[in-house]
Amino acid sequence: MRLLDRYEEVVGSREIQHLRRLAERLAGKRIVHVNSTRTGGGVAEILGWMIPLMQELGIDARWEVISGPPDFYRVTKAFHNGLQGQPVSLRQSDFDLHYEVNRENAKRLSLEADIVFVHDPQPIYLPHFTPDGKVKRWIWRCHIDASQPQRAIWKHLECALSKYQGTIFSMAAFTRHLELPMFIIPPSIDPLSEKNCSIAETERLETLTRLGIVPDRPLLLQVSRFDRFKDPLGVIEAYRLLKPYYPELQLALVGGPADDDPEGAAMLREVMERAGDDPDLKILMLPPDAHRTINALQRSAIVVLQKSLREGFGLTVTEALWKGKPVIGGACGGITLQVHDYHTGFLVHSSAGAAYRIRYLLRYVEKRNRMGQIGHEFVREHFLLTRHLRDYLTMLLCLDHPDSCSLIV
Amino acid sequence: MAEPFALYDCSLARRAMGRVCSNLRELLDASRTVPDAVLEHHLLHCTLEDYFELYEFPNDLARWCWEGLSDNILAEQLGLVDPYRYASIAELRSAIINLIEDRLWGLERAPWCRPGRELYLMSSRLIAYDTCERYPTPAALAEAIERMPLRSLYYHVYEAHRRTSEHTDDFSAWLENYGVSPTLVARLRSIDFYFLNLTQLRQELLQAFRQYLPELATVAKGTL
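Please read all numbers here as calculations on a predicted model, not as lab measurements. (Residues numbered from 1 in each chain as written. Chains lettered and ligands numbered in written order. Predicted model: local features only at pLDDT ≥ 70, side-chain atom pairs only at ≥ 80, totals over all residues.)

Visitor: Is there a simple way to think about the overall build of chain A in this case?
Guide: Check the secondary structure of chain A and you find 15 helices and 13 strands. Relative to its length of 409 residues, chain A is compact, with a C-alpha radius of gyration of 22 Å against a globular reference of 22 Å. With the C-alpha coordinates aligned to their principal axes, the bounding extent of chain A is approximately 70 × 55 × 35 Å. Counting across all 409 residues of chain A, residues that qualify as buried make up 45%. Contacts in chain A between residues at least 24 apart in sequence constitute 68% of all its contacts with a sequence separation of at least 6. (Helix = DSSP H or I, 4+ residues; strand = E, 2+ residues; numbered from the N terminus. Rg over C-alpha atoms; globule rule 2.2 N^0.38 Å. Buried ≥ 20, exposed ≤ 12 C-beta atoms within 10 Å, placed from the backbone. Contact = placed C-beta atoms within 7 Å.)

Visitor: So what exactly am I meant to see when it comes to the overall build of chain B here?
Guide: Along its length, chain B carries eleven helices and two strands. What you see in chain B, going N to C, is helices and strands ordered as β-α-α-α-α-α-β-α-α-α-α-α-α. Projecting the C-alpha coordinates of chain B onto the three principal axes gives extents of approximately 70 × 30 × 30 Å. When burial is assessed residue by residue, chain B has 44% of its 224 residues classed as buried. Across chain B, contacts joining residues at least 24 apart in sequence account for 72% of those joining residues at least 6 apart.

Visitor: Looking at this structure, how should I read helix H4 (residues 70–83) of chain A?
Guide: Residue pairs spaced three or four apart in an α-helix point in one direction, given the helix's 3.6 residues per turn. Residue and element names in this part refer to chain A. Across its 14 residues, H4 extends 20 Å between first and last C-alpha, which sits within 8% of the 20 Å expected from 1.5 Å per residue. Where H4 is concerned, the buried positions are Phe72, Val75, Thr76, Phe79, Gly82 and Leu83. The buried residues of H4 occupy an angular sector of 115° when the element is viewed end-on, so they sit on one face. Residues of H4 that are exposed and point more than 90 degrees away from the buried face comprise Pro70 and Arg74. At its buried positions, H4 is contacted by helix H5 (92–108) and helix H6 (151–160). Of the residues flanking the end of H4, it is glycine 85, one or two places downstream, whose phi is positive at about 95°. (Expected span 1.5 Å × (residues − 1). Arc of directions from axis to C-beta.)

Visitor: What is the right way to read the nonpolar core from this model?
Guide: Soluble globular proteins: nonpolar side chains tend toward being buried together. Ranked by internal contacts, the top residues of the largest apolar core, which has 173 residues, are A:Val116, A:Leu220, A:Leu221, A:Tyr239, A:Val303, A:Ile358 and B:Cys65. If you tally residues by element for this core, the top one is strand E1 (residues 5–21) of chain B, at nine residues. (Core = buried A, V, L, I, M, F, W, Y, C linked by C-beta atoms within 7 Å.)

Visitor: Explanation requested: the environment of B:Arg117 in the structure shown.
Guide: Of note, B:Arg117 is situated in the loop between helix H5 (89–105) and strand E2 (119–135). Residue contacts for B:Arg117: discarding those within four places in its chain leaves B:Glu67 and B:Gly68.

Visitor: Is there a simple way to explain unusual backbone geometry in this structure?
Guide: Both trends apply: most residues other than glycine have a negative phi, and most peptide bonds are in trans. Residues and elements named next belong to chain B. With phi around 55°, serine 70 is a residue other than glycine that occupies positive phi space. Mapped onto the elements, serine 70 comes out in the loop between helix H3 (60–67) and helix H4 (72–79). A residue is classified by how many C-beta atoms lie within 10 Å of it, and serine 70, with 13 of them, is partly exposed.

Visitor: Which parts of the structure should I look at to understand the domain arrangement of chain A?
Guide: Quoted interface sizes are often the accessible area lost when the parts come together. Residue and element names in this part refer to chain A. The domain architecture assigned to chain A consists of domain 1 (3–188 + 385–400) and domain 2 (201–382). Computed from C-alpha atoms alone, the centre-to-centre distance between domain 1 and domain 2 is 31 Å. Taken together, the contact pairs eight residues of domain 1 with eight residues of domain 2. For the side of domain 1 that touches domain 2, a count of residues per class yields four nonpolar, two polar and two charged. (Domains from an automatic or database assignment. Nonpolar A, V, L, I, M, F, W, Y, C, P; charged D, E, K, R; others polar.)

Visitor: What is the right way to read the interface of chain B and chain A from this model?
Guide: Contacts between chain B and chain A engage 24 residues on the former and 31 residues on the latter. Those elements giving two or more residues to the side of chain B that touches chain A turn out to be E1 and E2 of chain B. Per-element tally for the side of chain B that touches chain A: the top contributor is E2(B), with ten residues. Classifying every residue of the side of chain B that touches chain A gives 13 nonpolar, four polar and seven charged. Pairing of strand E6 (residues 182–184) of chain A with E1(B) involves two bridges; the strand directions are antiparallel. (Pairing = 2+ DSSP bridges.)

Visitor: Where do I start with the sheet that holds strand E4 (residues 135–141) of chain A in this structure?
Guide: Strand order in this open sheet of nine strands is E2(A)-E1(A)-E3(A)-E4(A)-E5(A)-E6(A)-E1(B)-E2(B)-E13(A), and the pairing throughout is mixed. With one partner strand each, in any of the chains shown, strand E2 (60–65) and strand E13 (407–408) of chain A form the two edges of the open sheet. Note that E13(A) and E2(B) share two bridges and pair parallel. Its bridge partner lying in E2(B), A:Leu407 is registered against B:Ile127. Sheet strands touched by helix H2 (residues 13–24) of chain A: E1 and E2 of chain B. Its angle to E2(B), the strand with the most contacts, is close to 100°. (Axes fitted to C-alpha atoms, helices over the stretch in contact; angles between N-to-C directions.)

Visitor: Explain the domain arrangement of chain B here, please?
Guide: All names here are of chain B. The assigned domain composition of chain B is domain 1 (12–123) and domain 2 (136–220). Centre-to-centre separation of domain 1 and domain 2, based on C-alpha positions: 29 Å. Each partner contributes residues to the interface: domain 1 has seven residues there, and domain 2 has ten residues. Within the side of domain 1 that touches domain 2, the residues separate by chemical class into three nonpolar, one polar and three charged.

Visitor: What am I meant to see in the sheet that holds strand E9 (residues 281–285) of chain A here?
Guide: Either a parallel or an antiparallel arrangement is found when strands of a sheet pair, and the pairing is made through backbone hydrogen bonds. Residues and elements named next belong to chain A. With parallel pairing, the six strands of this open sheet are ordered in space as E9-E8-E7-E10-E11-E12. Edge positions in the open sheet fall to E9 and strand E12 (345–348), since each of these has one partner strand only. When the angles between neighbouring strand axes are averaged without regard to direction, this sheet yields 20°. One ladder, built from five bridges, connects strand E7 (residues 219–223) with strand E8 (residues 250–255); its direction is parallel. For leucine 221, the partnering residue across the bridge sits in E8 and is alanine 252.

What follows is the structure, encoded as structure tokens:
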């Protein structure tokens, strides 16, 4: 079975048919995506499905990966943090290393194309070291909130953008003023991935039992790094405010190990202390590939929380909505695009607010179920990879026809 | 014999302007200076983004004045601006500027929004494409409305009012050409579409078609 046919079962044949129609105008176009890793991380996940789907639609799409010494990744990790506004300290030699690795990769990679999408800061200087005429258009795809970057980092990256013809950001709120077109394409989830596919009831129950969660008691869940901005302490506080009214309530805070992140490790210690010896409050450290476990937990929760104080797009919210769960979310970042009061969940501004809204959802079962259904349909329409792909195709057509207003193709 | 109705779908290519409004004075300045495509997005294309019937008002500017600035008076005034009544974006822009200027004139201090409630200015281009789906008869078209993508409804009703020289929707134009009852054509054209979201529009269209469905069935058999 072709890949697109598999998605047809989820989004309907018409949506796929319309994608094919749209893509007919782009048949044979040579597109290269470049990033810094083939496995692990959100960008690799996106390219993992996007390249084969573009190919099935008749586009000549390829994926190239840059490589560099370990120090290069230390520098680009600092770029990543600095773009998001965290203080970082870099020397001129670090910037020089970034240029040098890009120069070497430009020689090595096969970049002849109509359009090259360069993902995130790591390969951003490739156009500077690629002979003119090899690539018709360069587009920088920034997956990071770059609205409040560290100045030195931004200046370094902004210089690279002089060779580009356009950029893509996930939300308007993640952009800064640039002279280039800034297309907005929100991210998406893959409904057939391990994290989002349907799972057997036996597997779901086995997962809960293995983790010490009682299946027939209500479960609150937050899946997030142990990070101050995700406010795990606020989630515990909300749970404690509710516990006297709902003694059966359980809470699971799920995150990954924080071995290489001193701040994360400190946060985790604080969370563990605050959790104390409450048997109904589970702090779960899962490996990065525990997708099916997270899937089972999200499907088992009665309400999912993402009580962030600062957030990127918040794909954990999308995942929960897709599984028919109302979400209580902090009113920040991409959560505000996904959580709409009384429709898909509630936006909250405090632990008391979270507790109050959870209490409402625990009390009104029918409304909770209805919100879950609406959330599922909302994601189907707006945040599945088919919409993501349609946005890319639309943007490509737009670039091919730069002059007209509305365009009929 | 009329050509079958050709169904189009559409999609928006959205672009951020890298420009943000935090208060009413900035909105006025933006209304004067932004490209036409920005006003088009916030006053016209924004219909494509209202999924839940969430919004009190049919355009982004009215919504932001209500929710962001808490300026209910201006929100109500902007909500009443029907962009489809203006011959050009330039005329629409004048009307918007006039309303905001007039409101600012009477205020001691320009209202500000709280951090996090800013208006991020965007533009968008509508890309429409033929889906190759065809409806040969009015009955087939009526039946298709129920499961038609909302984006297609936008294209054939909202966008059609700006695209066609008669400033009307594609459905009624095609039905008129097909020769159905002028009452149905008039009924479709009387729908106050700008104040509906796309789901509500679908219901209104279905209601109008159902009212005339027996007649449409006759048309389909070619007896009219």
